[in-house]
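Okay, here's what each chain looks like letter by letter:
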Amino acid sequence: PAPDSVLRRRARIGVMGGTFDPIHNGHLVAASEVQQKFDLDEVIFAPTGEPWMKKTVTEGEHRYLMTVIATAANPRFTVSRVDIDRQGPTYTIDTLRDIRRARPEADLFFITGADAVAQIMEWKDVEEVWSLAHFVAVSRPGHSLTISGLPEQGVSSLEVPALAISSTDCRDRVSGGFPVWYLVPDGVVQYIAKHHLYRSVS
Ligand code: ATP
Ligand code: MG
């Protein structure tokens with residue numbers, strides 16, 4: 001008889017990289033939509049280490065824990081420490097290599113917002129990036145989904161219910177004394193208050 005692995009289809013795993021400073025409902029809706037539309041078994045959220053394009057970010061451990069809290073209730077959502085545990089800035093190529101090494105049996109789908117996909121062409125080792133994962137670009141208010149110069153194969157785009165939420169806006173609201181209830185999950189609102197995050201302007 002054929003072993004189980006022959007009969008079972010290949011696992012399909014989404015990878016959602018981000019600073020998640022903090023994670024918000026726009027991230028969660030995008031991941032949930034891609035999970036359903038692409039029939040993914042799992043979506044792995046990977047909070048970045050020291051991001052190379054941003055100057056100041058909250059400690060990785062806080063961003064990691066908020067991501068765990070936000071995703072805990074969804075059985076298909078998991079969180080990876082590969083990027084926050086790696087020294088130095090996070091490059092998507094390293095995220096994908098590490099997750100590929102951990103899950104060699106799976107097809108990977110890298111989920112990214114329309115704003116971030118525009119920067120893909122500038123990424124380190126862009127050719128290998130394409131070979132490691134299929135890319136799914138999701139719509140985001142204020143950003144066009146059509147990007148020129150991307151390979152036709154290997155990139156899909158998906159309209160998701162547009163939530164005009166950004167982490168920058170969430171941080172500004174907290175520092176200005178405005179609520180972030182319903183923009184981020186309840187547990188994340190409480191975590192931000194408990195640890196006094198974003199009190200001063202970022
Ligand atoms: P910041 O304002 O600090 O840049 P952000 O809200 O853009 O934060 P990131 O952690 O930078 O969040 O984004 C991680 C990924 O999620 C990126 O691919 C980004 O395009 C995508 N994303 C962020 N917000 C949304 C949203 N509202 N809808 C769809 N995708 C989003
Ligand atoms: Mg961003």
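In what follows, the accompanying structure is described. (Residues numbered from 1 in each chain as written. Chains lettered and ligands numbered in written order. Predicted model: local features only at pLDDT ≥ 70, side-chain atom pairs only at ≥ 80, totals over all residues. Heavy atoms only, no water.)

Strand order in the open sheet formed by 6 strands is 3-2-1-4-5-6, and the pairing between neighbours is parallel. Two strands bound the open sheet, and with one partner strand each, they are strand 3 (77–79) and strand 6 (155–158). For this sheet, the mean inter-axis angle between neighbouring strands, taken without regard to orientation, is 25°. Note that strand 5 (residues 134–138) and strand 6 share 4 bridges and pair parallel. Looking at strand 6, one finds that F135 is bridged to V155. (Pairing = 2+ DSSP bridges. Helix = DSSP H or I, 4+ residues; strand = E, 2+ residues; numbered from the N terminus. Axes fitted to C-alpha atoms, helices over the stretch in contact; angles between N-to-C directions.)

At a minimum axis separation of 8 Å, helix 3 (residues 60–71) and helix 9 (residues 186–194) run at an interaxial angle of 150°. The angle between helix 3 and helix 9 falls in the class roughly antiparallel. When the axes of helix 3 and helix 9 are compared, the crossing they make is right-handed. In contact with H62, L65, M66, I69 and A70 of helix 3, helix 9 contributes G187, V188, Y191 and I192. Residues of the contact of helix 3 with helix 9, tallied by class, amount to 7 nonpolar, 2 polar and no charged. (Parallel < 35°, antiparallel > 145°, perpendicular 65-115°, else oblique. Left-handed = near helix turned anticlockwise from the far one by under 90°. Contact = heavy atoms within 4.5 Å. Nonpolar A, V, L, I, M, F, W, Y, C, P; charged D, E, K, R; others polar.)

A few words on the nonpolar core. Nonpolar side chains in soluble globular proteins tend to end up buried together. Judged by nonpolar contacts, the single largest core of 31 residues is most densely connected at I23, V34, V43, F45 and M66. When residues of this core are traced back to their parent elements, those giving at least two are helix 2 (25–37), strand 2 (42–47), helix 3, strand 4 (106–113), strand 5, helix 8 (167–175) and helix 9. Dropping the residues within four chain positions of it, V43 is found in contact with G14, M16, A31, Q35, R76, F77, T78 and I111. (Core = buried A, V, L, I, M, F, W, Y, C linked by side-chain atoms within 4.5 Å. Buried < 20%, exposed > 50% of the residue type's maximum accessible area, 1.4 Å probe, protein only.)

What surrounds ligand 1 is a group of 22 residues, the closest being G113, D115, L163, S167 and T168. Between G113 and ligand 1, the recorded distance is 2.8 Å, taken from a backbone N or O atom to an oxygen atom. For ligand 1, whose accessible area on its own is 590 Å², the fraction buried by protein is 90%. Of all the elements in the fold, those that place two or more residues in the shell around ligand 1 are strand 1 (11–18), helix 2, strand 4, helix 6 (114–117) and helix 8. In terms of residue class, the shell around ligand 1 is made up of 6 nonpolar, 12 polar and 4 charged. (Near = heavy atom within 4 Å. Polar contact = N/O pair within 3.5 Å; in protein donor to acceptor, adjacent residues only side chain to side chain. Areas by Shrake-Rupley, 256 points an atom, 1.4 Å probe, with all protein chains shown as cover.)

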